[in-house]
Amino acid sequence: MKVIISKTHEESSVKVAQSFTEQIKSKPDSVICFATGSTPLIVYKELVKEYENNGLDFSKIITFNLDEYYRIDPRNEQSYRSFMTTNLFHKVGIEENQINFLDGHADNAELECERYENKLSKNPINLLILGIGENGHIAFNEPGTPFEETTHQVQLTESTIKANARFFESEDEVPKSAITMGIQSIMNADKIVLLATGDKKAEAIRQMIEEEPNEECPASVLRMHPDVTIFVDEMAASKLKGN
Ligand code: GLP
């Protein structure tokens, strides 16, 4: 696991965006898995700049996303599907037929998870970006999730509902459940980058990097992956030894 500490959120984001740019340039038909949340927003802005100013070509990539609320209409502004459309897909010319997304509106969550996992097995991910929750969750894999889990439905913890309430009118509106790629589905990616910024993430980052992999800190599984780079700003790195 490589750890790259930059001064600011912006500097870390520019470096993460470079990993995407390099990946897409070296393999234009890359399979890429994106994340939502506020942390990757500057990365997506940087990718839009690459598209507009330098003609980075997104037309051949295949996309996946880590997770989606359940149940939520994909057209709902708070859905992760809408987030991606607004912040990236529409801005860089990614078409419907390139996009794979968990359907937050599917009648049967279990079948939907099977369908997605099946798609993933046919399209192995080349590059995957993660954020991290304050309790160490990755995607919506909360503490205690078995490392062998594939795509599945979860009940969100109180702390995740509270943390995500800022995107909704009120905490009551945050869906209590979600469907998410499992830890195993994430670990199957060839290359993983994780971006974390701000002091609220410092404890999760410390546990992930300094403690042995354990299911109470889902992100700690990444220490067992052969190609992971953690990009953090100084605040998120503030609890690491020597910082
Ligand atoms: C949500 C998402 C995660 C994300 C986390 C942190 O729970 N499911 O994928 O990493 O929030 O979000 P933020 O980047 O807004 O702190």
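Only a predicted model underlies this, so the values are computations on that prediction, with no experimental measurement involved.

Q: Provide a residue-level description of the site of the ligand, including the pertinent values.
A: The environment of the ligand is made up of 14 residues, and the closest members are Ser 38, Thr 39, Asp 67, Arg 166 and Lys 201. A distance of 2.8 Å separates a nitrogen atom of the ligand from a polar side-chain atom of Asp 67. His 137 is positioned with one of its side-chain polar atoms (N or O) 2.8 Å from an oxygen atom of the ligand. When isolated, the ligand has an accessible area of 390 Å², and the protein chains bury 95% of it.

Q: Provide a residue-level description of the side chain of Thr 63, including the pertinent values.
A: Structurally, the position occupied by Thr 63 is in strand S3 (residues 62-65). For Thr 63, a relative accessible area of 0% gives the class buried.

Q: Tell me about the packing of aromatic side chains, and name the residues and values.
A: In this structure the tally under the stated criterion is nine aromatic pairs. Ring plane angle 5° and centroid distance 5.7 Å describe the contact between Phe 20 and Phe 34, whose orientation is recorded as stacked. Here Phe 34 lies in strand S2 (residues 31-34) and Phe 20 lies in helix H1 (residues 9-26), a separation of 14 residues in the sequence. Residues Phe 20 and Phe 34 agree in their burial class; the two are buried.

Q: Please give an account of the sheet that holds strand S7 (residues 177-180) that cites residues and values.
A: Read from one edge of the open sheet, three strands run S4-S7-S6, paired in antiparallel fashion. What marks the edges here is a single partner per strand, and that holds for strand S4 (67-70) and strand S6 (152-155). Neighbouring strand axes in the sheet, compared pairwise and without regard to direction, differ in orientation by 30° on average. When S4 meets S7, the two strands line up antiparallel, connected through four bridges.

Q: Break down the nonpolar core for me, with residues and values.
A: Judged by nonpolar contacts, the single largest core of 78 residues is most densely connected at Phe 34, Tyr 44, Leu 128, Leu 194, Ile 205 and Met 208. Top element by residues in this core is strand S8 (residues 191-196). It accounts for five residues. Ignoring sequence-local partners within four residues, the contact set of Met 208 consists of Met 1, Ile 132, Leu 194, Cys 217, Ala 219, Ser 220, Leu 222, Arg 223 and Ile 230.

Q: Let's hear about the packing of H1 against helix H2 (residues 41-54): which residues, and what values?
A: Running from amino to carboxyl end, H1 crosses H2 at an angle of 50°, the nearest separation of the two axes being 8 Å. The angle between H1 and H2 places the two elements in the oblique class. Crossing angle aside, the handedness with which H1 passes H2 is right-handed. Residues His 9, Glu 10, Ser 13, Val 14, Val 16, Ala 17, Phe 20 and Thr 21 of H1 form the contact with H2, whose own contacting residues are Ile 42, Val 43, Glu 46, Leu 47 and Glu 50. Looking at the contact of H1 with H2, its residues break down into seven nonpolar, three polar and three charged.

Q: Got a sec to walk through the sheet that holds strand S1 (residues 2-6)? Specific residues and values, please.
A: One open sheet accounts for six strands, arranged S1-S9-S8-S5-S2-S3; its pairing is parallel. Every interior strand has two partners, whereas the edge strands, S1 and S3, have only one. Neighbour-to-neighbour, the strand axes of this sheet turn through a mean angle of 20°, independent of strand direction. Note that S2 and strand S5 (residues 127-130) share two bridges and pair parallel. Directly across from Cys 33, in S5, lies its bridge partner Leu 128.

Criteria and cut-off values
- Residues numbered from 1 in each chain as written.
- Predicted model: local features only at pLDDT ≥ 70, side-chain atom pairs only at ≥ 80, totals over all residues.
- Heavy atoms only, no water.
- Near = heavy atom within 4 Å.
- Polar contact = N/O pair within 3.5 Å; in protein donor to acceptor, adjacent residues only side chain to side chain.
- Areas by Shrake-Rupley, 256 points an atom, 1.4 Å probe, with all protein chains shown as cover.
- Helix = DSSP H or I, 4+ residues; strand = E, 2+ residues; numbered from the N terminus.
- Buried < 20%, exposed > 50% of the residue type's maximum accessible area, 1.4 Å probe, protein only.
- Phe/Tyr/Trp six-rings, centres within 6.5 Å; stacked < 30°, edge-to-face > 60°.
- Pairing = 2+ DSSP bridges.
- Axes fitted to C-alpha atoms, helices over the stretch in contact; angles between N-to-C directions.
- Core = buried A, V, L, I, M, F, W, Y, C linked by side-chain atoms within 4.5 Å.
- Contact = heavy atoms within 4.5 Å.
- Parallel < 35°, antiparallel > 145°, perpendicular 65-115°, else oblique.
- Left-handed = near helix turned anticlockwise from the far one by under 90°.
- Nonpolar A, V, L, I, M, F, W, Y, C, P; charged D, E, K, R; others polar.

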